[in-house]
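Results of the structural survey
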Amino acid sequence: PCPWCGIGAVVASGEPYTEVTRPGDPREEVTGRAFQIHLNPIKDEEGGVVGVVEYGLDVTDLRDAREMAQAADRAKSAFLANMSHEIRTPMNGIMGMLELLHMTGLDAEQAEYADTARQSCRRLVQLLSDILDLSRIEAGQLVVRSEPMNPAEVLAQTVDLFAPMARKQGLDLALSVDPGVPARAIGDKARLQQVLTNLVGNALKFTPKGSVLIEAWPLPSPSPAQCRLLVCVTDTGI
């Protein structure tokens, strides 16, 4: 057998063996191609290995296509991250100006318009954060934090965020938190609110009439040191 093949290992173990060549492998340097190598033992009636069948599949085109797809994916993630940062800067400026506008003694109608604009900016900034997170997830760089938080307070903040939208649409947005939900827990407040924002936002978007209900209950935990919560968002929409 050639010094790079696994025939000797198959003879010794009696087990099949599969490998894929890599750049720099002498077999690739000689042929200019990439291979998936399969080696299977030939056994006699007593189970002894009397030979090995080796065959190779040419996977050059497959590997090239995969590398191109990975490069395109990395470029997409870099583009999303860069655009998210670029758009966030002017959005923060718009939000700052709206905050200042709100402090200039507006009448009720103007204040309502300014509040709606601020809420739209916040949702757009959140959307940009989601896009940036997507690129972080694909790059394996998303960090989940552990910090003190009040789960019921996070839920209430989500309701407060969407209350103006619900009122404008004539929808009832309600919150029900079981008394067993702890007032203090360790978790990622921002991620919890991110998930809730997406769920509640979708519920309001696809509910022309009726209500949206957010509920939370404690679930059995594997240990007293852990807290598991079930959060449900229910709507009367499609």
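The preceding data block contains the structure.
Below is a summary of the structure that appears in this document. (Residues numbered from 1 in each chain as written. Predicted model: local features only at pLDDT ≥ 70, side-chain atom pairs only at ≥ 80, totals over all residues. Heavy atoms only, no water.)

Things to note about the sheet that holds strand β2 (residues 35-43)
Strand order in this open sheet of three strands is β1-β2-β3, and the pairing throughout is antiparallel. Two strands in the sheet have a free side with no partner beyond their single neighbour: β1 (17-20) and β3 (49-58). Sheet twist, expressed as the average angle between the axes of neighbouring strands with direction ignored, equals 15°. (Pairing = 2+ DSSP bridges. Helix = DSSP H or I, 4+ residues; strand = E, 2+ residues; numbered from the N terminus. Axes fitted to C-alpha atoms, helices over the stretch in contact; angles between N-to-C directions.)

A look at the packing of helix α3 (residues 60-102) against helix α4 (residues 108-138)
Relative to each other, α3 and α4 sit at 160°, their axes nearing to 9 Å. With respect to α4, the axis of α3 lies roughly antiparallel. Considering only the axes of α3 and α4, their crossing is left-handed. A class-by-class count of the residues in the contact of α3 with α4 yields 17 nonpolar, six polar and eight charged. (Parallel < 35°, antiparallel > 145°, perpendicular 65-115°, else oblique. Left-handed = near helix turned anticlockwise from the far one by under 90°. Nonpolar A, V, L, I, M, F, W, Y, C, P; charged D, E, K, R; others polar.)

Concerning the nonpolar core
Soluble globular proteins tend to bury their nonpolar side chains together. Of all hydrophobic cores here, the largest spans 17 residues; its most connected members are F162, L173, V200, L204 and I214. Secondary-structure elements contributing two or more residues to this core are α5 (151-169), α6 (189-205) and β7 (211-219). Ignoring anything within four residues of it in the chain, the contact list for V200 reads T158, F162, L173, I214 and V233. (Core = buried A, V, L, I, M, F, W, Y, C linked by side-chain atoms within 4.5 Å. Buried < 20%, exposed > 50% of the residue type's maximum accessible area, 1.4 Å probe, protein only. Contact = heavy atoms within 4.5 Å.)

Brief notes about the packing of α4 against α6
In contact at an axis separation of 12 Å, α4 and α6 are set at 115° when each is read in the N-to-C sense. Crossing hand, α4 versus α6: left-handed. In contact with Q126, S129, D130, D133 and R136 of α4, α6 contributes R191, Q194, T197 and N198. Of the residues contributing to the contact of α4 with α6, the split by class is no nonpolar, five polar and four charged.

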